[in-house]
Amino acid sequence: MSVVNYVGKNVKMGRNVKIWHYAYVGDNVEIGDDVVIGSLAHVDRDVKIGSGTRIQGLVYIPPYTVIGRNVFIGPAAVFTNDPYPPSRRMVGVTVEDEAVIGARSVILAGVTIGRRSVVAMGSVVVRDVPPEAVVAGVPARIIYSREEYDRKRAAWESGAGEQPRP
């Protein structure tokens, strides 16, 4: 059995990049070092991905998206690039360094996800997320700070915390 991936023309790929089964990487994509792209992910043309970023399976990243360094994008997250489909003018999403995008989140065209911010799974982000904020819901709203998120995560990992309920 062979694994079929598509990697387009003029793709610049850093060192130690892993692209899993049946993934698509379009033309003119720039990928930094130590990036992982999961199975069935679709990274369209003209996308930039910073070093250390992990993109899980079934993620869709449209043209003109810019993703910073050390970003985590959970399974089946969808970014958009057309605020008035189907239009002839597109605008990408910007995800700044160390942000976390939860599974099945939807990020609308033109939105910026701030540095070290967190988007809870299943959220629909319709406006910019400030740095260090945690957002959840439909539409997404700020529920607490990244500092509180990190405390809750550490407690969870140690066995002392509860499962999150935004």
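Residues numbered from 1 in each chain as written. Predicted model: local features only at pLDDT ≥ 70, side-chain atom pairs only at ≥ 80, totals over all residues. Heavy atoms only, no water.

(A) Summary view of the overall build of the protein. Each helix and strand in the protein was counted, giving one helix and 21 strands. Relative to the globule expectation of 15 Å for 166 residues, the C-alpha radius of gyration of the protein, 16 Å, shows essentially globular dimensions. Looking at the protein as a whole, 38% of its 166 residues qualify as buried. Long-range pairs, those at least 24 residues apart, make up 15% of the contacts in the protein with a sequence separation of at least 6. Accessible surface, the protein: about 9400 Å² in total, of which carbon and sulfur atoms supply 53%. (Helix = DSSP H or I, 4+ residues; strand = E, 2+ residues; numbered from the N terminus. Rg over C-alpha atoms; globule rule 2.2 N^0.38 Å. Buried < 20%, exposed > 50% of the residue type's maximum accessible area, 1.4 Å probe, protein only. Contact = heavy atoms within 4.5 Å. Areas by Shrake-Rupley, 256 points an atom, 1.4 Å probe, with all protein chains shown as cover.)

(B) Spatial organisation of the environment of Asn-28. Note on placement: Asn-28 falls in the loop between strand 4 (24-25) and strand 5 (30-31). Residue classification places Asn-28 among the partly exposed residues on the basis of a relative accessible area of 35%. Separated by 18 residues in the primary sequence, Asn-28 and Asn-10 have C-alpha atoms spaced 4.9 Å apart. Apart from residues no more than four positions distant in its own chain, Asn-28 is found in contact with Lys-9, Asn-10, Val-11, Asp-46 and Val-47. Reaching out from Asn-28, the side chain makes a polar contact with the side chain of Asn-10 at a distance of 3.5 Å. (Polar contact = N/O pair within 3.5 Å; in protein donor to acceptor, adjacent residues only side chain to side chain.)

(C) How the structure looks around the environment of Ile-113. Structurally, Ile-113 is set in strand 17 (residues 112-113). For the pair Ile-113 and Val-129, spaced 16 residues apart in sequence, the C-alpha to C-alpha distance is 4.9 Å. Apart from the residues lying within four places of it in its own chain, the contact partners of Ile-113 are Thr-94, Val-95, Glu-96, Ala-99, Ile-101, Ile-107, Val-119, Val-125 and Val-129.

(D) Representation of helix 1 (residues 146-158) in the model. Counted at 1.5 Å a residue, the expected span for helix 1 with its 13 residues is 18 Å, and the 18 Å between its end C-alpha atoms agrees. Note on helix 1: the residue one or two positions beyond its end, Gly-159, has a positive phi of about 90 degrees. (Expected span 1.5 Å × (residues − 1).)

(E) Expanded view of the sheet that holds strand 5. The six strands are arranged 2-5-8-11-14-17 in an open sheet whose pairing can be described as parallel. Single-partner strands in this sheet number two, and they are strand 2 (12-13) and strand 17. Relative to strand 14 (residues 94-95), strand 11 (residues 66-67) runs parallel, the two being bridged by two bridges. Residue pairing in the sheet places Val-66 in a bridge with Thr-94 of strand 14. (Pairing = 2+ DSSP bridges.)

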